[in-house]
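Descriptive analysis of the structure
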Amino acid sequence: MSLFSMLFEPSNIKTHRKAAEGAIHLRKIAATNASIEMNMLLSTYHKAQENHEKAYASGNLELAGLYMDGLSIARELIERVERTSSYLMIEIAEHEQQKPTSASEWEKRTSFELDLRNGMIEVTKQAKKSLDTLSTLNVESVMKFNLR
């Protein structure tokens, strides 16, 4: 938006534009947090897969079964994020190309951004939960069963 048009922007539009800008900022923060948690989950997931294979090969079927549960939940989340991320990036790009001109258009943009933020917060929570589960199993594998 040009400086000239911002000077003469009606106050209700300015308010909605600033709210949308704030929502965009919050979505970007949530995306960064989700990305960090997913990267941590991926590395922990790979180590858990190795430990699962070791547990199974050593005949510790109880531990292998615990890994299967944790790995399947994490794998579902990883696959879901991989499936939706490209579509999400396209949708965000389309919204960024639009230039809202009314308060209602800015309000729609704000709602879109906040919905994305909420989704990313949920992904972060699920990633943390899976990360906790797999990390605990990995530590138990080392402590109890000497798997490294």
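This text follows the structure it describes.
First, a word on what this report is: a plain description of the structure on this page. Here the structure is a predicted model, which means the values were calculated and not measured.

A few points about the overall build of the chain
Regarding its fold elements, the chain presents 4 helices and 0 strands. Tracing the chain from N to C terminus, the helices and strands come up as α-α-α-α. Relative to the globule expectation of 15 Å for 148 residues, the C-alpha radius of gyration of the chain, 22 Å, shows a markedly less compact shape. For the C-alpha atoms alone, the extent of the chain along its principal axes is close to 75 × 25 × 20 Å.

As for the pattern of salt bridges
Taken as a whole, this structure holds 6 salt bridges when the rule is applied. Across the pair R27 and E96 runs a salt bridge whose closest N-O atoms are separated by 3.7 Å. One end of the pair, R27, is in helix 2 (residues 11-57); the other, E96, is in helix 3 (residues 61-97), with 69 residues separating them in the sequence. Of the residues examined, E96 reaches a relative accessible area of 38% and is grouped as partly exposed. The salt bridge partner of E113 is R109, with a shortest N-O separation of 3.2 Å. Here E113 and its partner R109 are both found in helix 4 (residues 103-145), 4 residues apart, which amounts to about one turn of the helix. Overall, the relative accessible area of 0% leaves E113 in the buried class. Each of R27, E96, R109 and E113 takes part in one network of salt bridges that share partners.

Things to note about the packing of helix 3 against helix 4
As a packed pair, helix 3 and helix 4 sit with axes 10 Å apart at the nearest point and diverge in direction by 155°. By the angle between their directions, the pair helix 3 and helix 4 is classed as roughly antiparallel. For the crossing formed where helix 3 meets helix 4, the hand is left-handed. For the contact of helix 3 with helix 4, the per-class residue count stands at 18 nonpolar, 7 polar and 4 charged.

Here we look at helix 3
Since the α-helix advances by 3.6 residues per turn, residues separated by three or four positions end up pointing in the same direction. With 37 residues, helix 3 should reach 54 Å at 1.5 Å per residue; the first-to-last C-alpha distance of 54 Å fits that figure. At S85, helix 3 shows its strongest bend, of approximately 35°. If you check which residues of helix 3 are buried, you get L63, A64, Y67, G70, L71, A74, L77, I78, I92 and H95. The secondary structure elements touched by the buried residues of helix 3 are helix 2 and helix 4.

Quick look at the nonpolar core
Membership of the largest hydrophobic core comes to 20 residues, with the highest contact counts inside it found for M38, L41, Y45, Y67, L71, L77 and L134. Excluding residues that lie within four positions of it along the chain, Y45 makes contacts with L71, A74, R75, I78 and L134.

Topic: a nonpolar patch on the surface
A cluster of nonpolar side chains, contributed by L26, I29 and L114, occupies part of the molecular surface with about 210 Å² of accessible area. As for its position among the elements, I29 is in helix 2. Relative accessible area serves as the criterion here: at 39%, I29 is assigned to the partly exposed category.

Conventions adopted
Residue positions are given per chain, counting from 1 as you read along its sequence in written order. For a predicted model such as this one, the threshold for reporting local features is a pLDDT of at least 70, and the threshold for listing and counting side-chain atom pairs is 80 or more; totals across whole chains, interfaces and linings nevertheless cover every residue. Hydrogens and water molecules were not included; the side-chain quantities draw on all heavy atoms of the structure. Here a strand is any run of E in DSSP of at least two residues, a helix any run of H or I of at least four, and the numbering for each starts at the N terminus. We compute the radius of gyration from the C-alpha atoms alone; for a globule the expected value is 2.2 Å times N to the 0.38, where N is the number of residues. What makes a salt bridge here is a side-chain nitrogen of Lys or Arg within 4 Å of a carboxyl oxygen of Asp or Glu, nothing more. When accessible area is computed with a 1.4 Å probe and restricted to protein chains, residues below 20% of their type maximum are described as buried, those above 50% as exposed, and intermediate ones as partly exposed. To define axes, lines are fitted to C-alpha atoms, for helices over the stretch in contact only, and angles between the resulting N-to-C directions are given on a 0 to 180 degree scale. With respect to orientation, any angle under 35 degrees is reported as roughly parallel, any angle over 145 as roughly antiparallel, any angle of 65 to 115 as roughly perpendicular, and every other angle as oblique. With the far helix as reference, a near helix turned anticlockwise by less than a right angle produces a left-handed crossing, and one turned clockwise produces a right-handed crossing. When residues are sorted by character, Ala, Val, Leu, Ile, Met, Phe, Trp, Tyr, Cys and Pro go into the nonpolar class, Asp, Glu, Lys and Arg into the charged class, and all the rest, Gly among them, into the polar class. The length a helix should cover is 1.5 Å for every residue beyond the first. In this analysis the local bend is the angle between axes fitted, respectively, to the seven residues ending at and the seven residues starting at the residue. Should any heavy atoms of two residues lie within 4.5 Å, those residues are considered in contact. For this analysis, a nonpolar core means a set of buried residues of the types Ala, Val, Leu, Ile, Met, Phe, Trp, Tyr and Cys, connected via side-chain atoms within 4.5 Å. Any residue with relative accessible area above 30% and no salt bridge may belong to a patch, with like charges joined within 9 Å and the nonpolar Val, Leu, Ile, Met, Phe, Trp and Tyr side chains within 5 Å. The protein chains shown are the only cover counted for residues, whose accessible areas, like all others here, come from Shrake-Rupley with a 1.4 Å probe.

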